[in-house]
Amino acid sequence: DTEVTQTPKHLVMGMTNKKSLKCEQHMGHRAMYWYKQKAKKPPELMFVYSYEKLSINESVPSRFSPECPNSSLLNLHLHALQPEDSALYLCASSQEGTGANVLTFGAGSRLTVL
Amino acid sequence: GQSLEQPSEVTAVEGAIVQINCTYQTSGFYGLSWYQQHDGGAPTFLSYNALDGLEETGRFSSFLSRSDSYGYLLLQELQMKDSASYFCAVRARTPDNYGQNFVFGPGTRLSVLP
């Protein structure tokens, strides 16, 4: 299995809703990432988990809450979002260590906040 | 922190050769990657350079000069399907030295004309 699976593909939510984005990989990768991408912009790193430990939080607002229940799963919990948070949210995974040089991305979850 | 620079747009005709440059500033550098992203799709891995020199993969080649903090992606025998955004990405050690992260450049929009 060489895929990263993200659900849902599309999500529309109001500013008072609570929702979650899910990501799953079965490639044995021990690093998992959340990126946010706005139209015509590069992916912007949000969180990195390494061996299920949060390694990086790139000053992301607390209305985004990541969770890594195990080495195959990564969640992003969303609460009280703003319309400017509308974007494509990409999950990725990679191996760890000196030989780890490839990010494998999921297809993304397109989020619209009303 | 990390910063990367790329040209915003490049236009070429089918069958031509195009070079996309990338300069970067970072600490804890491991290597430079290139990703392709078609409109509406997720980034996909093209190539990776950890050491100085040229790496060739089919019609695509990538070059790195660590001393100059510079790399490029060379696309030969351009095809219409190569029209996409191309991102360089630095793979670097995380500030806590626990893991790694990948920071993307602003992206280069390549348009291939018939």
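The sections below set out a description of the structure shown in this document. Keep in mind that what you see is a predicted model, and the values were worked out from it rather than measured.

### Brief notes about the side chain of B:Gln37
Its location among the elements puts B:Gln37 in strand S4 (residues 29–37). For B:Gln37, a relative accessible area of 7% gives the class buried. Contacts of B:Gln37, omitting those with residues within four sequence positions, involve A:Gln37, B:Ala42, B:Pro43, B:Ala84, B:Ser85 and B:Phe87.

### Digging into the nonpolar core
Residues and elements named next belong to chain B. Leu4, Leu32, Trp34, Leu75, Tyr86 and Leu110 are the most contacted members of the largest nonpolar core, which has 24 residues in total. Elements with a minimum of two residues in this core: strand S2 (9–13), strand S3 (18–25), S4, strand S7 (60–65), strand S8 (70–75), strand S9 (84–93) and strand S11 (108–113). Among the elements that take part in this core, S9 stands out by supplying five residues, more than any other. In this structure leucine 32 touches Leu4, Cys22, Tyr24, Ser47, Tyr48, Asn49, Leu64, Gly71, Cys88, Ala89 and Val90, once residues within four positions along its chain are discounted.

### Quick look at the sheet that holds S7(B)
Residue and element names in this part refer to chain B. Judged by pairing direction, the sheet is antiparallel, and its five strands sit side by side in the order S1-S3-S8-S7-S6 without closing on themselves. At either margin of the open sheet sits one strand with a lone partner, and together these are strand S1 (3–5) and strand S6 (53–57). Strand-to-strand twist of the sheet, defined as the mean angle between neighbouring strand axes without regard to direction, takes the value 20°. Sheet topology note: the S1/S3 ladder contains three bridges and is antiparallel. Each bridged residue has a counterpart across the sheet, and for glutamate 5 the counterpart in S3 is threonine 23.

About the thresholds
Residues numbered from 1 in each chain as written. Chains lettered and ligands numbered in written order. Predicted model: local features only at pLDDT ≥ 70, side-chain atom pairs only at ≥ 80, totals over all residues. Heavy atoms only, no water. Helix = DSSP H or I, 4+ residues; strand = E, 2+ residues; numbered from the N terminus. Buried < 20%, exposed > 50% of the residue type's maximum accessible area, 1.4 Å probe, protein only. Contact = heavy atoms within 4.5 Å. Core = buried A, V, L, I, M, F, W, Y, C linked by side-chain atoms within 4.5 Å. Pairing = 2+ DSSP bridges. Axes fitted to C-alpha atoms, helices over the stretch in contact; angles between N-to-C directions.

Such coordinate-based values are descriptive only and should not be taken to indicate function.
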